[in-house]
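A structural walkthrough
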Amino acid sequence: CRTMLAIQRTSLWSLCALACFATTANAADCPDVKPVPGLNLTEWSRKSWYVQEQQLNGYQSAAELFCVVATYDNNESLKVPFFKGPVLAVHNYENKNMVNGPIESTDVNIPKGLCARQPKSDLAAELLVAPCFLPNLLAGPYWIVAFGADDTTGEYRWGAISGGAPTVKYSDGCTTKEKGVNGSGLWIFTREPVGSEATINEARKALSNLGYTLQRLKPVAQKGCTYKGFQLK
């Protein structure tokens, strides 16, 4: 979301940057998922997002699935190399080993922070994410593939985020890979710290309808989190 969410080590980006060019042998058998049209990035970044379920990936282990939060800031002064389009500052936080345990933060662990870039002016949901000092060539895909909005206010209630197109096939669908940095990751976000069962199921249904397997999603502990030291909106 992350996104990519909670990238703890800049060196990991350096070692795995070229992974964005890799695909799996099963990619041709997977659905042709695209970022969702019509996303409003201003509304997307209006408030923090709380991760309710997600896959493991190359920069998040099971020990880091506690109190995971993503906050986005629309900062017009923020720049990345060789890119003149819109950029969002990404602030990812989580606790390690337990609720309210040690904090892991991309603000601390990544020099100059993490940036989401919008390469296509007409498709806000198709983002690239990398440390701000890296160019887009080394950034990984971060696609918002579905979202739910309040019927009255239009405010976003949940979002489903994929680390690019699904490339790994399972018996009940496809998903992204679980190793490496670029091209990995799948997340369900809600505005509520503890998402309701109905909201989470709405997001899960949207992913299933797109052809994603849900069997690799793991719950993220949010109950009892104080988010002390986190940047929240």
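Quantities reported herein were computed from a predicted structural model and do not represent experimental measurements.

In this section: the side chain of Glu126. As for its placement among the helices and strands, Glu126 is situated in strand E6 (residues 126-131). Setting aside chain neighbours within four positions, we find Glu126 in contact with Pro35, Arg117, Gln118, Pro119, Lys120, Tyr142 and Trp143.

Attention now moves to unusual backbone geometry. One non-glycine residue, Asn100, adopts positive backbone phi at about 65°. Of note, Asn100 is situated in the loop between strand E3 (87-95) and strand E4 (103-105). A positive phi is found at Lys112, a non-glycine position, where the angle reads about 70°. Structurally, Lys112 is set in the loop between helix H3 (106-109) and strand E5 (114-117).

We now examine the packing of aromatic side chains. Scanning all chains against the criterion turns up nine aromatic pairs. Seen in terms of ring centroids, Tyr142 and Trp187 are 6.2 Å apart; in terms of plane orientation they differ by 40°. Their pairing is tilted. Residue Tyr142 is located in strand E7 (residues 140-149), and its partner Trp187 is located in strand E11 (residues 186-190); the two are separated by 45 residues in the primary sequence. For Tyr142, a relative accessible area of 0% puts it in the buried group. Taken together, the ring pairs connect Trp44, Trp49, Tyr72 and Phe189 into an aromatic cluster.

For the rest of this paragraph, the subject is the pattern of salt bridges. Inspection of every chain in the model, using the stated rule, returns nine salt bridges. Measuring nitrogen to oxygen at the nearest pair gives 3.6 Å for the salt bridge that ties Arg46 to Glu155. Within this pair, whereas Arg46 is found in the loop between helix H2 (41-44) and strand E1 (49-54), its partner Glu155 is found in the loop between E7 and strand E8 (156-162), the two being separated by 109 residues in sequence. Looking at Arg46, the relative accessible area reads 31%, which means it is partly exposed. A relative accessible area of 37% places Glu155 in the partly exposed class. Salt-bridge contacts for Arg204 lead to Glu53; the nearest nitrogen and oxygen are separated by 2.8 Å. Note that Arg204 is positioned in helix H4 (residues 197-209) and Glu53 in strand E1, a separation of 151 residues in sequence. On the accessibility criterion, Arg204 (24% relative accessible area) is partly exposed.

Below, the discussion takes up the environment of Leu217. Relative to the assigned elements, Leu217 resides in the loop between H4 and strand E12 (218-219). Separated by 29 residues in sequence, Leu217 and Ile188 have C-alpha atoms that sit 8.9 Å apart. With sequence-adjacent residues up to four places away left out, Leu217 is seen in contact with Glu53, Gln54, Gln55, Leu186, Ile188, Arg204 and Leu207.

A few words on the side chain of Thr190. Within the fold, Thr190 resides in strand E11. A relative accessible area of 1% means that Thr190 is categorised as buried. If sequence neighbours within four positions are ignored, Thr190 has contacts with Ser48, Trp49, Tyr50, Gln52, Arg157, Trp158, Gly195 and Thr199.

Quick look at the state of the cysteines now. Here the structure, examined in full by the defined rule, presents three disulfides. In this model, Cys30 is linked to Cys174 through a disulfide, with the two sulfur atoms separated by 2.2 Å. Here the disulfide of Cys30 and Cys174 is left-handed, its torsion about the S-S bond being about -85°. Residue Cys30 is located in the loop between helix H1 (10-16) and H2, and its partner Cys174 is located in strand E10 (residues 173-175); the two are separated by 144 residues in the primary sequence. A relative accessible area of 11% means that Cys30 is categorised as buried. The partner cysteine of Cys67 in its disulfide is Cys225, sulfur to sulfur 2.0 Å. Sign of the S-S torsion, about -85° for the bond between Cys67 and Cys225, identifies this disulfide as left-handed. Taken together, the residues span a long stretch of sequence, with Cys67 in strand E2 (residues 66-74) and Cys225 in the segment after E12 at a distance of 158 residues. Judged on exposure class, the residue Cys67 and its partner Cys225 are both buried. Counting its disulfide-bonded cysteines in sequence order, the protein shows a connectivity of 1-5, 2-6, 3-4.

Cut-offs and rules
- Residues numbered from 1 in each chain as written.
- Predicted model: local features only at pLDDT ≥ 70, side-chain atom pairs only at ≥ 80, totals over all residues.
- Heavy atoms only, no water.
- Helix = DSSP H or I, 4+ residues; strand = E, 2+ residues; numbered from the N terminus.
- Contact = heavy atoms within 4.5 Å.
- Phe/Tyr/Trp six-rings, centres within 6.5 Å; stacked < 30°, edge-to-face > 60°.
- Buried < 20%, exposed > 50% of the residue type's maximum accessible area, 1.4 Å probe, protein only.
- Salt bridge = Lys/Arg side-chain N within 4 Å of Asp/Glu carboxyl O.
- Disulfide = S-S within 2.5 Å.

Everything listed is a geometric property; what it means functionally is a separate question.
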